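# Architecture at a glance
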Amino acid sequence: MAEHSKEKLVYGVFQNISEGYDSANRRISLGLQDSWKKMLIDRIAKDIPRGENVLDVCCGTGDVTWKIASRRHDLKVTGLDFSPAMLDVARRRRSRRNIRFTQGNAMKLPYPDNSFGAACISFGLRNTADYGRVLSEMRRVVKPGGYIYCLDSFVPDSRFVQPFYRLYFRCIMPLIGGGRKHRREYMWLYKSTEIFLHRRDLELLFAETGLHDISHRSRMCGACVLVAGQK
């Protein structure tokens, strides 16, 4: 898919599903999404020095942004997304002094080099038009020694699990998530996972971007994975 057409498609998807996005994710993940996101929050809480700036790329409705800021009151957390509708939902969350939201493109981050102690992206990289460019931009704006985290959905490695995974996400998930009104949008979210990198390929892309000390943690037989690396 051409870069511009994918951006246009994804923009439309998230503009349309913003209001019910959080509740749909809880249904789709069978209530497990909070534990998956906790993997990311725990790493950030452990790794990042006091008083640092943290960037949440493709922040959507600001759920992870808010969780980081609530867990570590000393951090200044910026959430960035390109969908005004998603950011409208984010800004209606209970406010915190250490949070701000910005509209922008993950492939051209509107920040100077070495601005943040860490940058994360959760369930968003697979929806971007150029994975490598997004990671390169995240690396650019993170200080030397800072961390980059990617939490996302993957097709499980197990051949035994894959048929059940595909049955659920192709046939059941779009209806649970979007109902009749937004079934097409949630079918795209399934397709975006199908065409996404394998976990090992994402780790290789981290290395090609110039990151080191790369590690991962997985849940649900590899259906959800956190990959982390250091600049």
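Residues numbered from 1 in each chain as written. Predicted model: local features only at pLDDT ≥ 70, side-chain atom pairs only at ≥ 80, totals over all residues. Heavy atoms only, no water.

## Examining the overall build of the chain
- When its secondary structure is counted, the chain shows nine helices and seven strands.
- By the compact-globule yardstick of 17 Å for 231 residues, the chain fits well, its C-alpha radius of gyration being 17 Å.
- With respect to the principal axes defined by its C-alpha atoms, the chain has extents near 45 × 35 × 35 Å.
- Counting only carbon and sulfur atoms, one obtains 53% of the accessible surface of the chain, whose full area is about 11000 Å².
- Once the 39 positive and 24 negative side-chain charges of the chain are each reduced to a mean point, those two points are 5 Å apart. (Helix = DSSP H or I, 4+ residues; strand = E, 2+ residues; numbered from the N terminus. Rg over C-alpha atoms; globule rule 2.2 N^0.38 Å. Areas by Shrake-Rupley, 256 points an atom, 1.4 Å probe, with all protein chains shown as cover. Lys, Arg positive; Asp, Glu negative; His and termini not counted. Charge placed at Lys NZ, Arg CZ, Asp CG, Glu CD.)

## So, the packing of aromatic side chains
- As enumerated under the stated definition, the model contains five aromatic pairs in all.
- Ring geometry for Tyr131 versus Phe196: centroids 5.0 Å apart, planes at 85°, classification edge-to-face. Of this pair, Tyr131 sits in helix α6 (residues 131-141) while Phe196 sits in the loop between α8 (183-194) and α9 (199-208); the two residues are 65 residues apart in sequence, bridging distant segments of the chain. Each member of the pair, Tyr131 as well as Phe196, is classed as buried.
- Look at Tyr147 and Tyr149: their rings are 6.0 Å apart centre to centre, the planes differ by 15°, and that puts the pair in the stacked class. Note on accessibility: Tyr147 and Tyr149 belong to one class, buried.
- Through successive ring pairs, a cluster of aromatic residues spans Tyr131, Phe154 and Phe196. (Phe/Tyr/Trp six-rings, centres within 6.5 Å; stacked < 30°, edge-to-face > 60°. Buried < 20%, exposed > 50% of the residue type's maximum accessible area, 1.4 Å probe, protein only.)

## Describing the packing of α6 against α9
- One way to put it is that α6 packs onto α9 with a least axis distance of 10 Å and a crossing angle of 45°. With respect to each other, α6 and α9 are oriented oblique. Where α6 crosses over α9, the handedness of that crossing is right-handed. Note on element contacts: α9 touches α6 through Leu202, Leu205 and Phe206, opposite Tyr131, Gly132 and Leu135. (Axes fitted to C-alpha atoms, helices over the stretch in contact; angles between N-to-C directions. Parallel < 35°, antiparallel > 145°, perpendicular 65-115°, else oblique. Left-handed = near helix turned anticlockwise from the far one by under 90°. Contact = heavy atoms within 4.5 Å.)

## Section: the sheet that holds strand β2 (residues 76-81)
- Spatially, the seven strands line up as an open sheet ordered β3-β2-β1-β4-β5-β7-β6, and their pairing is mixed. In this open sheet, the two edge strands, each paired with only one partner strand, are β3 (99-103) and β6 (212-219). Neighbour-to-neighbour, the strand axes of the sheet open up by a mean angle of 15°, direction not taken into account.
- Strand direction decides the pairing type here: strand β4 (residues 116-122) and strand β5 (residues 142-153), joined by six bridges, are parallel. What sits directly across from Ala119, in β5, is Ile148.
- Strands β1 (53-57), β2, β3 and β4 of the sheet are contacted by helix α4 (residues 63-71), whose axis makes an angle of about 175° with β2.
- Along the sheet, helix α5 (residues 84-91) contacts β2 and β3; its crossing angle with β3, the most-contacted strand, is approximately 165°. (Pairing = 2+ DSSP bridges.)

## Topic: the layout of surface pockets
- By volume, the largest pocket amounts to about 210 Å³.
- What lines the largest pocket is a set of 13 residues, and nearest its centre among them are Tyr165, Tyr168, Phe169, Met220 and Ala223.
- Element by element, the count of residues in the lining of the largest pocket is highest for helix α7 (residues 162-178), at three residues.
- Per-class residue counts for the lining of the largest pocket are 12 nonpolar, one polar and no charged. (1 Å grid on protein atoms, 1.4 Å probe; cavity = no way out; pocket = protein on both sides within 12 Å on 5 of 7 lines; lining within 4 Å. Points joined across faces, edges and corners; volume = space filled by probe spheres on them. Nonpolar A, V, L, I, M, F, W, Y, C, P; charged D, E, K, R; others polar.)

## Focus on empty space enclosed by the protein
- Throughout the structure, instances matching the rule amount to one cavity of 30 Å³ or more.
- Considering only enclosed or pocket space, the largest cavity measures out at about 710 Å³ in volume.
- Lining the largest cavity are 44 residues; nearest its centre among them are Tyr21, Phe123, Gly124, Arg126 and Asn127.
- Put simply, the parts of the chain that give the lining of the largest cavity at least two residues each are α1 (3-17), α2 (21-28), α3 (33-47), α4, β2, α7 and α8.
- Across the lining of the largest cavity, the residue classes break down as 23 nonpolar, 14 polar and seven charged.

## A look at the nonpolar core
- Ranked by internal contacts, the top residues of the largest apolar core, which has 27 residues, are Leu55, Leu109, Leu125, Leu135, Met138, Leu202 and Phe206.
- Looking at this core element by element, the count peaks at five residues for α6.
- Ignoring anything within four residues of it in the chain, the contact list for Leu55 reads Thr78, Leu80, Leu109, Tyr111, Phe116, Ala118, Ala119, Cys120 and Val141.
- Formed by 26 residues, the second largest nonpolar core is a distinct cluster that contains Ala69, Ala90, Ile99 and Leu151. (Core = buried A, V, L, I, M, F, W, Y, C linked by side-chain atoms within 4.5 Å.)

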